Amino acid sequence: TSTLLAQMGNNDIRAGAMLNGRLYYIARTVADNRSIRVFDGTVDRLFTALPSGYTFMHLAALKGALYAAVANGATNAYLYKLDSAGRIKQIGAALPTIINGVGSDAGTLAYHNNDLYFAGYESGGAVAGKIYRIREPSALTTTAWTLDYTHPVGAGRILSLASYKG
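This one's a predicted model, so the numbers in the text were calculated from it and none came from an experiment. Numbers given to residues run from 1 along each chain, matching the order in which its sequence is written. Given that the model is predicted, a residue must reach a pLDDT of at least 70 before its local features are reported, and side-chain atom pairs must reach 80 or more before they are shown or counted; all residues, however, enter totals for whole chains, interfaces and linings. Hydrogens and water are ignored here; the side-chain numbers use all heavy atoms of the structure.

Asker: How should I be thinking about the overall build of the protein chain in this particular structure?
Answerer: From N to C terminus, the protein chain includes 1 helix and 12 strands. Counting from the N terminus, the helices are DSSP H or I runs at least four residues long and the strands are E runs at least two residues long. Traced from its N-terminal end to its C-terminal end, the protein chain shows the element sequence α-β-β-β-β-β-β-β-β-β-β-β-β. Across the 166 residues in the protein chain, those meeting the buried criterion constitute 43%. For the protein chain, the computed accessible surface area is about 8,400 Å², with 49% contributed by carbon and sulfur atoms. Partly exposed residues are those whose accessible area sits between 20% and 50% of the maximum for their type, while under 20% is buried and over 50% is exposed, using a 1.4 Å probe and protein chains only. Throughout, the Shrake-Rupley method with a 1.4 Å probe supplies accessible areas, and for residues the shown protein chains are the sole cover considered.

Structural data, given as structure tokens:
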């Protein structure tokens, strides 16, 4: 960790994922949560960055790929799949408003039986959280997210998802 800290300087790590022996993490190196950096054990470098107005909310390594949830201000949020060069490809349409931007927190991702799941919660409002899913292989043609579960108000928040045997 001392090597990583020396490379990072004063940058904050917001979320991270391990993929192919490398640590990918959301950092404040370009602006507030607008970059993903990669550390290979020796060198720490910029992997990809977002334009102004966009923010990385969550990062996960699932089924051999890197996925990132991205907010566009307080209006929209999207799920992207990143290739090995840091290019991003949108998965499905904008995520439902319940988990977008201001008033909600980052949420979490999981991959199960060829479906991508995204859970988020409101920091204030009538619903504690919702889980949406989309079939990833067909997400370029099937753009709608399907509501899979609504968490009851007052029953706590959905902070993580995991897949078992799927």
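Asker: Looking at this model, I keep getting lost on the pairing of strand S9 (residues 108-112). Mind explaining?
Answerer: Along a regular strand, successive side chains alternate from one face of the sheet to the other. In terms of residue burial, S9 counts as a mostly covered element, since 4 of its 5 residues are buried. Note on pairing: two strands pair once DSSP finds at least 2 bridges between them. Both S9 and strand S10 (residues 115-120) contribute to a ladder of 5 bridges, which runs antiparallel. Each residue of the ladder has a partner; that of alanine 110, found in S10, is tyrosine 117. Counted between consecutive antiparallel strands, the loop separating S9 from S10 contains 2 residues, among which asparagine 113 sits at a positive phi close to 50 degrees.

Asker: Sorry, what's going on with the packing of aromatic side chains here?
Answerer: In this description, an aromatic ring pair is defined by two values, namely the gap between the centres and the angle between the planes. Working definition: a ring pair exists when centres of Phe, Tyr or Trp rings (six-membered ring for Trp) sit within 6.5 Å. Plane angles under 30 degrees give stacked, over 60 give edge-to-face, the rest tilted. Enumeration over the complete set of coordinates arrives at 3 aromatic pairs. For the ring pair tyrosine 24 and phenylalanine 47, a centre distance of 5.0 Å and an interplane angle of 70 degrees mean the geometry is edge-to-face. Of this pair, tyrosine 24 sits in strand S2 (residues 22-27) while phenylalanine 47 sits in strand S4 (residues 44-49), and the two are 23 residues apart along the sequence. The burial state of tyrosine 24 is the same as that of phenylalanine 47; both residues are buried. Ring geometry for tyrosine 67 versus tyrosine 111: centroids 6.4 Å apart, planes at 45 degrees, classification tilted.

Asker: Is there a simple way to think about the sheet that holds strand S8 (residues 88-91) in this case?
Answerer: Through backbone hydrogen bonds, the strands of a sheet pair up, either in parallel or in antiparallel fashion. The strand order S5-S6-S7-S8 describes an open sheet built from 4 strands, whose pairing is antiparallel. Looking at strand neighbours, the two that pair on one side only are strand S5 (54-62) and S8, the edges of this open sheet. When the angles between neighbouring strand axes are averaged without regard to direction, this sheet yields 30 degrees. In the sheet, strand S7 (residues 76-82) pairs with S8 via 4 bridges, with the strands oriented antiparallel. When the sheet's bridge partners are listed, leucine 82 is paired in S8 with isoleucine 88. Note on geometry: axes are C-alpha line fits, over the in-contact stretch for helices, and angles between N-to-C directions span 0 to 180 degrees.

Asker: What should I look at first to understand the pairing of S10 in this one?
Answerer: The buried fraction of S10 amounts to 6 of the 6 residues, a majority that puts the element mostly inside the structure. By the alternation rule, side chains of S10 split into Asp115, Tyr117 and Ala119 and Leu116, Phe118 and Gly120, which are all buried.

Asker: What exactly am I supposed to notice about the nonpolar core here?
Answerer: The tendency in soluble globular proteins is for nonpolar side chains to be buried as a group. By size, the foremost hydrophobic cluster in this structure holds 18 residues, and its most contacted members are Leu62, Tyr67, Leu79, Leu109, Leu116, Phe118 and Trp145. Looking at this core, the elements with two or more residues in it are S5, strand S6 (65-72), S7, S9, S10 and strand S11 (129-135). Sorting elements by how many residues they give to this core places S6 first, with 4 residues. By the convention used here, residues are in contact when the closest approach between their heavy atoms is within 4.5 Å. Aside from chain neighbours lying at most four places away, what touches leucine 62 is Tyr67, Leu109, Ala110, Tyr111 and Leu116. Here the nonpolar core consists of buried residues drawn from Ala, Val, Leu, Ile, Met, Phe, Trp, Tyr and Cys, with membership extended through side-chain atoms lying within 4.5 Å. Core analysis: the next-biggest nonpolar cluster, separate from the first, contains 17 residues, Ala15, Phe47, Leu59 and Ala68 among them.

Asker: Please clarify how the environment of phenylalanine 39 should be interpreted in this entry.
Answerer: Along the chain, phenylalanine 39 turns up in strand S3 (residues 35-39). For the pair phenylalanine 39 and methionine 18, spaced 21 residues apart in sequence, the C-alpha to C-alpha distance is 9.6 Å.

Asker: I tried to follow the pattern of salt bridges on my own but got confused; where do I start?
Answerer: Once the charged atoms of two side chains with opposite charge are near each other, the side chains can pair. Salt bridge, as used here, is a side-chain nitrogen of Lys or Arg placed within 4 Å of a carboxyl oxygen of Asp or Glu. The final tally for this structure, using the stated rule, is 4 salt bridges. Note that arginine 135 and aspartate 115 form a salt bridge whose closest N and O atoms lie 3.1 Å from each other. Linking arginine 135 in strand S11 with aspartate 115 in strand S10, this pair joins segments that are 20 residues apart in sequence. For arginine 135, a relative accessible area of 41% puts it in the partly exposed group. Its relative accessible area of 7% is what places aspartate 115 among the buried residues.

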